[in-house]
Amino acid sequence: MRLDKYLKTSRLIKRRTVANEACDGGRIFVNGKAARASLAVKEGDRISIQMGNRPLEVEVLSVTEYATKDTASQMYKVIEE
């Protein structure tokens, strides 16, 4: 699954266009490297989000096409907030 779609589906970022802009702006890192929106996300990847004054690092636990509000938080584990 594409990184921008994963960020939206997991509800880490509210909209896919915002996720796209964050990737283009160099604020999203996957496994320590700046990531483009088209990067394929896999289980075990570490995603760092540098938005505002709240940096967030998560580990991908599952990649599913659709998630409800209740199951979205089960797609990742927060490592550092």
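For the structure, check the block above.
Parameters at a glance
- Residues numbered from 1 in each chain as written.
- Predicted model: local features only at pLDDT ≥ 70, side-chain atom pairs only at ≥ 80, totals over all residues.
- Heavy atoms only, no water.
- Helix = DSSP H or I, 4+ residues; strand = E, 2+ residues; numbered from the N terminus.
- Buried < 20%, exposed > 50% of the residue type's maximum accessible area, 1.4 Å probe, protein only.
- Contact = heavy atoms within 4.5 Å.
- Arc of directions from axis to C-beta.
- Pairing = 2+ DSSP bridges.

Caption draft 1: The overall build of the protein, seen in detail. Looking only at helices and strands, one finds 2 helices and 5 strands in the protein. For the protein, the N- to C-terminal ordering of α and β elements is α-α-β-β-β-β-β. Once the C-alpha set of the protein is aligned to its principal axes, its extents read approximately 30 × 25 × 20 Å. Scored against the burial criterion, the 81 residues of the protein give a buried share of 37%. Summarising the internal contacts of the protein: among those between residues at least 6 apart in sequence, 39% fall at separations of at least 24.

Caption draft 2: Structural detail: helix 2 (residues 16-24). The complete set of buried residues in helix 2 reads Ala19, Ala22 and Cys23. The arc that holds the buried residues of helix 2, viewed along the axis, is 100°, so those residues lie on one side. For helix 2, the exposed residues set more than 90 degrees away from the buried face come down to Glu21 and Asp24. At its buried positions, helix 2 is contacted by helix 1 (3-9), strand 1 (28-30) and strand 3 (46-51). Backbone geometry just after helix 2 places glycine 26 at a positive phi near 75°.

Caption draft 3: Just the sheet that holds strand 1, in detail. Strand order across the open sheet formed by 5 strands is 2-1-3-4-5, with antiparallel pairing between neighbours. Two strands bound the open sheet, and with one partner strand each, they are strand 2 (33-34) and strand 5 (76-80). Pairing geometry for strand 1 and strand 2, over 2 bridges, is antiparallel. Considered in strand 2, the bridge of phenylalanine 29 is made with alanine 34.

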